[in-house]
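# Residue-level structure breakdown
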Amino acid sequence: MSQGKRAGSRRGSKPKRGFRPALLGYALAVTLSVLAWGYLVYAAIDFGGKARGGDEQAWLFLGLASAGAVACLFLGLILVARLLRALGITQPPPPRTPKAPVESGPPASPGGRRAAR
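Residues numbered from 1 in each chain as written. Predicted model: local features only at pLDDT ≥ 70, side-chain atom pairs only at ≥ 80, totals over all residues. Heavy atoms only, no water.

### So, the overall build of the protein
Condition: Counting from the N terminus, the helices are the DSSP runs of H or I reaching at least four residues and the strands are the DSSP runs of E reaching at least two. Contacts are assigned to residue pairs with any non-hydrogen atoms lying within 4.5 Å of each other. Note on areas: Shrake-Rupley, 1.4 Å probe, and residue coverage restricted to the protein chains presented here.
A count of helical and extended segments in the protein gives 3 helices and 0 strands. In the protein, the order of α-helices and β-strands from amino to carboxyl end is α-α-α. The contacts of the protein with a sequence gap of at least 6 include a subset with a gap of at least 24, amounting to 59%. When the accessible surface of the protein is summed, it comes to about 10,800 Å², and 63% of that surface belongs to carbon and sulfur atoms.

Next up, the structure:
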């Protein structure tokens, strides 16, 4: 084994893998959201059948169940994206750099510097 100022392993230490409650929370939220979406889709199908059978009030419940299903699916997809980011599978987008301001000076003459002489 070598000795000296820079002797040692070139590898960094492995990150500690342990229980992360935030990941469990995301996983449970995704599961609940998908279950709610499935139930609302089933309910919307049932209300649709009743509405076609002549029940006027079922149209309202059909609309509410459909809107709720859309909201649950959207929430589930957002939570899946957050879970993937927390797991390190996806990366956040690179930060935007502001564009350099355009310099305002005397108007340039046509032809460049040589023509201005």
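### Side note on the environment of Leu 23
This is how it is decided: Accessible area is worked out with a 1.4 Å probe on protein chains only. A residue is then buried under 20% of its type maximum, exposed over 50%, and partly exposed in between.
Secondary-structure assignment places Leu 23 in helix H1 (residues 21–52). The exposure class of Leu 23 is buried, given its relative accessible area of 17%. Separated by 63 residues in the primary sequence, Leu 23 and Ala 86 place their C-alpha atoms 7.1 Å from one another. Sequence-distant contacts of Leu 23, that is, excluding residues within four places in its chain, are made with Leu 83, Ala 86 and Leu 87.

### As for the environment of Ala 81
Position of Ala 81 among the secondary structure elements: in helix H2 (residues 57–87). Sequence separation of Ala 81 and Tyr 26 is 55 residues, and the distance between their C-alpha atoms is 9.8 Å.

### Points about the pattern of salt bridges
If the charged atoms of two oppositely charged side chains come close together, the side chains can form a pair. Selection rule: The term salt bridge refers to a side-chain nitrogen of Lys or Arg lying within 4 Å of a carboxyl oxygen of Asp or Glu.
Scanning the entire structure with this criterion turns up 1 salt bridge. For Asp 46, the salt bridge identified is with Lys 50, shortest N-O distance 3.7 Å. Here Asp 46 and its partner Lys 50 are both found in helix H1, 4 residues apart, which amounts to about one turn of the helix. Given a relative accessible area of 38%, Asp 46 falls into the partly exposed group.

### Brief notes about H1
Rule in force here: What a helix is expected to span follows from its residue count: subtract one and scale by 1.5 Å.
When the terminal C-alpha atoms of H1 are compared, their 46 Å separation across 32 residues agrees well with the 46 Å that a helix rising 1.5 Å per residue should span. When H1 is considered as a whole, its buried residues turn out to be Leu 23, Val 30, Ser 33, Ala 43, Ala 44, Gly 48 and Ala 51. Where the residues of H1 are buried, they touch H2.

### So, the packing of H1 against H2
How two helices sit against one another is set out by the angle between their axes and by the gap between those axes. Put simply, the rule reads: An axis is simply a line fitted to the C-alpha atoms; with a helix, the fit covers only the stretch in contact. Between two such axes, the angle follows the N-to-C directions and lies from 0 to 180 degrees. Roughly parallel here means an angle under 35 degrees, roughly antiparallel means over 145, roughly perpendicular means 65 to 115, and every remaining angle is called oblique. Handedness of a crossing follows from how the near helix is turned relative to the far one, being left-handed for an anticlockwise turn of less than a right angle and right-handed for a clockwise one. All residues other than Ala, Val, Leu, Ile, Met, Phe, Trp, Tyr, Cys, Pro, Asp, Glu, Lys and Arg, Gly among them, are scored as polar; the first ten of these are nonpolar and the last four charged.
Contact geometry for H1 and H2: axes closest at 7 Å, N-to-C directions at 160°. Taken together, the axis directions place H1 and H2 in an arrangement best described as roughly antiparallel. Viewed along their axes, H1 and H2 form a crossing whose handedness is left-handed. Considered class by class, the residues forming the contact of H1 with H2 number 26 nonpolar, 5 polar and 3 charged.

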